[in-house]
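Chain and residue survey
The residues making up each chain are set out below.
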Amino acid sequence: MLQTVTGLVTAQEAGRILEHEHVLVGFVEDGKLTPAMYDRDEVVASILPNLLTLKQAGCSTMVDCAPEYLGRDPYILRRLSELSGVHLITNTGFYKKPYLPSFVYEISERDLAEIWIREARYGIGESGVYPGYIKIALNDGTEIDETQKKILGAAMRTSLETGLPIQCHTIGSEVALHAYEIMKIAQFDQERFIWVHAQTFKVTDVYKQLAEAGGWISIDSILPGTYNEHVELLGQLLDCGIGNRVLLSQDTGWYNVGQHNGGNIHPYHHLFTDFFPAAAAGGLESQWLEECVTSHAFQAMSMRA
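Starting afresh in each chain, residues are numbered from 1 along the sequence in its written order. Residue-level local features of this predicted model are given only where pLDDT is at least 70; pairs of side-chain atoms are given and counted only at 80 or more, and the full residue set underlies all totals for whole chains, interfaces and linings. Excluded from the side-chain calculation are hydrogens and water; included are all heavy atoms of the structure.

A word on the pattern of salt bridges. When a carboxyl oxygen of Asp or Glu is within 4 Å of a side-chain nitrogen of Lys or Arg, the pair counts as a salt bridge. Considering all chains together, one arrives at 13 salt bridges under this definition. Where Arg 72 meets Glu 68, a salt bridge forms, and the shortest distance between an N and an O atom there is 3.5 Å. Between Glu 161 and Arg 121 there is a salt bridge whose closest N-O contact spans 2.5 Å. Pair noted here: Glu 161 is in helix α6 (residues 146–162) and Arg 121 is in helix α5 (residues 109–122), with a separation of 40 residues, a long-range link. Counting from the N terminus, the helices are DSSP H or I runs at least four residues long and the strands are E runs at least two residues long.

Where α6 meets helix α7 (residues 173–185), the axes come as close as 11 Å, and the angle between the chain directions of the two elements is 45°. Classified by the interaxial angle, the pair formed by α6 and α7 is oblique. Seen along the crossing, α6 lies across α7 with a hand that is right-handed. Between α6, through Lys 149, Leu 152 and Met 156, and α7, the contact on the second element is made entirely by His 178, Ala 179, Ile 182 and Met 183. In this classification, Asp, Glu, Lys and Arg are treated as charged, Ala, Val, Leu, Ile, Met, Phe, Trp, Tyr, Cys and Pro as nonpolar, and every other residue, Gly included, as polar. Split into classes, the residues belonging to the contact of α6 with α7 amount to five nonpolar, one polar and one charged. Only the contacting stretch of a helix is used when fitting its axis, a line to C-alpha atoms as for every element, and angles between N-to-C directions run 0 to 180 degrees. Comment on the angle field: the value is read as roughly parallel under 35 degrees, roughly antiparallel over 145, roughly perpendicular from 65 to 115, and oblique elsewhere. Two helices that cross are described as forming a left-handed crossing if the nearer one is turned anticlockwise from the farther one by less than a right angle, and a right-handed crossing if clockwise. Note on contacts: a residue pair qualifies if any of its non-hydrogen atoms lie within 4.5 Å across the two residues.

Next up on the list: the pairing of strand β4 (residues 61–64). Exposed residues in this analysis have more than 50% of their type's maximum accessible area, buried residues have under 20%, and partly exposed residues fall in between, with area computed by a 1.4 Å probe over protein chains only. Residues of β4 alternate between two faces, with Thr 61 and Val 63 on one and Met 62 and Asp 64 on the opposite face, all of them buried. By this definition, two strands are paired if DSSP reports at least two bridges between them. Judged from the three bridges that link them, strand β3 (residues 17–25) and β4 form a sheet pairing that is parallel. What sits directly across from Ile 17, in β4, is Thr 61. Since β3 and β4 lie parallel, the crossover through helix α2 (residues 40–56) that links them has a hand, and here it is right-handed. Handedness of a crossover is defined as follows: orient the strands so they point away from the viewer, and if the path from the first strand over the helix to the second runs clockwise, the crossover is right-handed. With respect to chirality, the unit in which β4 leads through helix α3 (residues 74–84) into the neighbouring parallel strand β5 (residues 87–89) is right-handed.

Scope: geometric values only; no functional claims are made or implied.
Structure (structure tokens):
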């Protein structure tokens, strides 16, 4: 089952799933983003037409990937879901420096996990909305610093306690391999782990190693102008035998806090209306593309026992 902002849904109800997109994002440092910095009604009015178009394109579920302190707003997401008919999924978890509140640097891994476990069990604040997964990030570079190690450890604890999967912002193969080793030492089941922005890894052996350990390879930023390079990359993933671990998304949307009317908000439907036909013309099987956004995505995002 998938935990959405309005309740649990089955695979049939979920249909096509965009597993990494954005509604509201606010890059305000030190965890100081608050709802007072934006107008909820304006956000809903700006995003709703894009969700309605997505629904018309045949997609029923979208995962919003802004964690707390970076734009997660369960009230907005529930309103948008009810108005559009699109199932929306939100998260528990935190991002990375410099967008973390000061207490994150001071508390223990166990206490950090307890914050997220409480949200999974009792809901987010007074909203009545429950998170459907854990969203974290690794610092960009070659190694993971101590703060992000703590966040990764807390995410593993939360996943084991709640059954929620983890989505992890990861840029580059070296930092991915560092996280892989940490999880291997902890004997963490990497079937619970989604490598977000995996198109940045660029090394076939790394994809194969992470997928064979159970991890999900999320290829996103599939945007107009990038289709040829994404078709080529997906072909390489199929050739190395890990096509059954691939997820597809766009990492788009983005009502930006602080910009007039949210700035340039990008639509959600192009993966289905534009990329899928282009990918099929480029030699990728349409059935496999559909599996990436249905059975693969449902399995990756489902709650575990």
